[in-house]
Amino acid sequence: RNGHVDIIRYLVSEQGVPVDARTSEGTTAFALACWKGHLNAMRWLAENGKCSPGAVNTFGCNAAMWCVQGEANIDACEYVHSLGVSFRLLNRNGHSAVHKAAQRGRRDICAWLLGWEWRSDQKAARRRGDETWGTSLIDSAHLRADSEGFQPSDLARLADNQSLQEWLQMRQNEVLLLDTVDKHSLRGDHGEGVRVGSVIETMYPPVTFFGAAATGD
């Protein structure tokens, strides 16, 4: 998580430390590098260390979830996506990547996940493509309430980010309408058409929102 590539190389290549060694909660070095946005460390672990980028910890969080809730920028998120790591998981307390980003007030990443762009120098988000959901990495199921009843907009409100809260509420209203008419389609991680409210890749038994938030997961 500190991005010291030389030390990572020494430990893995010279001392034989397993590149996918885990913490007591099952989190890998790659996930921690993603959390802090250390792209050079992420690249070394994935390309030289041959780690398992898609590893999931005991809370049901993979590297994508760590990436969106920490200090990583969009370049780091796009690199994780390029490795085939899914941004479509729900963890044990029902959080999606959007919940995680909203919880930390990351409007840039929330917008990226939903196929929009919202840089720090932009007053409002703008679509990346012509289709409403054409470049989205998630679908309506990832904007629904978690096991404690919190939608992403609720978590943005708790993070005291009103602009993000209002924007996410509009996106949630959009997918509610799409679910109601049930005739629109979204796109999955690799561009394939998927039905609104499609099956989530992984669902874990719920834990409390507060317990998960206290541990960073």
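Colleague: Please explain the environment of A64 as it appears in this structure.
Modeller: Mapped onto the secondary structure, A64 falls in helix 4 (residues 63–68). Residue A64 is classed as buried on the basis of its relative accessible area of 0%. Residues A64 and V80, 16 residues apart in the sequence, show an inter-C-alpha distance of 6.6 Å. The residues touching A64, leaving out its near neighbours within four places in the chain, are V80, V85, S86 and F87.

Colleague: Is there a simple way to explain the packing of aromatic side chains in this structure?
Modeller: All told, the structure shown has three aromatic pairs when counted by the stated rule. Ring centres 5.2 Å apart and planes at 75° place the aromatic pair F87 and W112 in the edge-to-face group. Placement of F87 in the loop between helix 5 (74–82) and helix 6 (97–103) and of W112 in helix 7 (residues 107–113) is noted, with a sequence separation of 25 residues between them. Just as F87 is buried, W112 falls in that class too. Between the NZ or CZ atom of K36 and the centre of the ring of W35, over which it lies, the distance is 4.7 Å.

Colleague: What's the story with the confidence of the model for the protein in this structure? I'm lost.
Modeller: Any segment with low pLDDT has predicted coordinates that should not be analysed in fine detail. For the protein, the mean per-residue pLDDT works out to 80, and 75% of the residues sit at or above 70. When the criterion is pLDDT under 50, residues 183–217 qualifies, and its contacts beyond four places in sequence or with other chains add up to 96 contacts.

Colleague: Can you help me understand the packing of helix 1 (residues 5–14) against helix 3 (residues 39–48) in this one?
Modeller: Helices that pack against each other are described as a pair by the angle of their axes relative to one another and the distance between those axes. Two numbers describe how helix 1 lies on helix 3: the axes approach to 10 Å, and their chain directions differ by 20°. By the criterion of interaxial angle, the relationship of helix 1 to helix 3 is roughly parallel. Here helix 1 and helix 3 pass one another in a crossing that is right-handed. The residues of helix 3 that touch helix 1, namely those facing V5, I8, R9, V12 and S13, are N40, A41, W44 and L45. Classifying every residue of the contact of helix 1 with helix 3 gives six nonpolar, two polar and one charged.

Colleague: Just to check I follow, could you spell out the nonpolar core for this structure?
Modeller: Judged by nonpolar contacts, the single largest core of 45 residues is most densely connected at F30, V80, F87, L113 and W167. Grouped together as the second largest cluster of nonpolar side chains are seven residues, A31, F59, C61 and W66 included.

Colleague: Please explain unusual backbone geometry as it appears in this structure.
Modeller: Generally, phi is negative for residues other than glycine and the peptide bonds are trans, each holding for most cases. Although it is not a glycine, K50 sits at a positive phi angle of roughly 55°. Tracing the sequence through the fold places K50 in the loop between helix 3 and helix 4. A residue is classified by how much of its surface remains accessible, and K50, at 61% relative accessible area, is exposed. One non-glycine residue with positive phi stands out, namely D160, at about 60°. Looking at the element boundaries, D160 is found in the loop between helix 8 (152–158) and helix 9 (162–181).

Colleague: Is there a simple way to think about the environment of W66 in this case?
Modeller: By secondary structure assignment, the location of W66 is in helix 4. Residues W66 and W35, 31 residues apart in the sequence, show an inter-C-alpha distance of 4.7 Å.

Colleague: What's the story with the pattern of salt bridges in this structure? I'm lost.
Modeller: Close approach of charged atoms allows side chains with opposite charge to pair. In total, this model carries five salt bridges according to the counting rule given. Salt-bridge contacts for R9 lead to D6; the nearest nitrogen and oxygen are separated by 2.8 Å. Of this pair, R9 and D6 both sit in helix 1, three residues apart, which is roughly one turn of that helix. Using a relative accessible area of 35% as the deciding quantity, one classes R9 as partly exposed. With relative accessibility at 58%, the residue D6 sits in the exposed group. R106 is the partner of D108 in a salt bridge, and the nearest nitrogen-oxygen pair spans 2.9 Å. We classify D108 as partly exposed; its relative accessible area is 23%.

About the thresholds
Residues numbered from 1 in each chain as written. Predicted model: local features only at pLDDT ≥ 70, side-chain atom pairs only at ≥ 80, totals over all residues. Heavy atoms only, no water. Helix = DSSP H or I, 4+ residues; strand = E, 2+ residues; numbered from the N terminus. Buried < 20%, exposed > 50% of the residue type's maximum accessible area, 1.4 Å probe, protein only. Contact = heavy atoms within 4.5 Å. Phe/Tyr/Trp six-rings, centres within 6.5 Å; stacked < 30°, edge-to-face > 60°. Lys NZ or Arg CZ within 6 Å of the ring centre and 35° of its normal. pLDDT = per-residue confidence, 0-100. Axes fitted to C-alpha atoms, helices over the stretch in contact; angles between N-to-C directions. Parallel < 35°, antiparallel > 145°, perpendicular 65-115°, else oblique. Left-handed = near helix turned anticlockwise from the far one by under 90°. Nonpolar A, V, L, I, M, F, W, Y, C, P; charged D, E, K, R; others polar. Core = buried A, V, L, I, M, F, W, Y, C linked by side-chain atoms within 4.5 Å. Salt bridge = Lys/Arg side-chain N within 4 Å of Asp/Glu carboxyl O.

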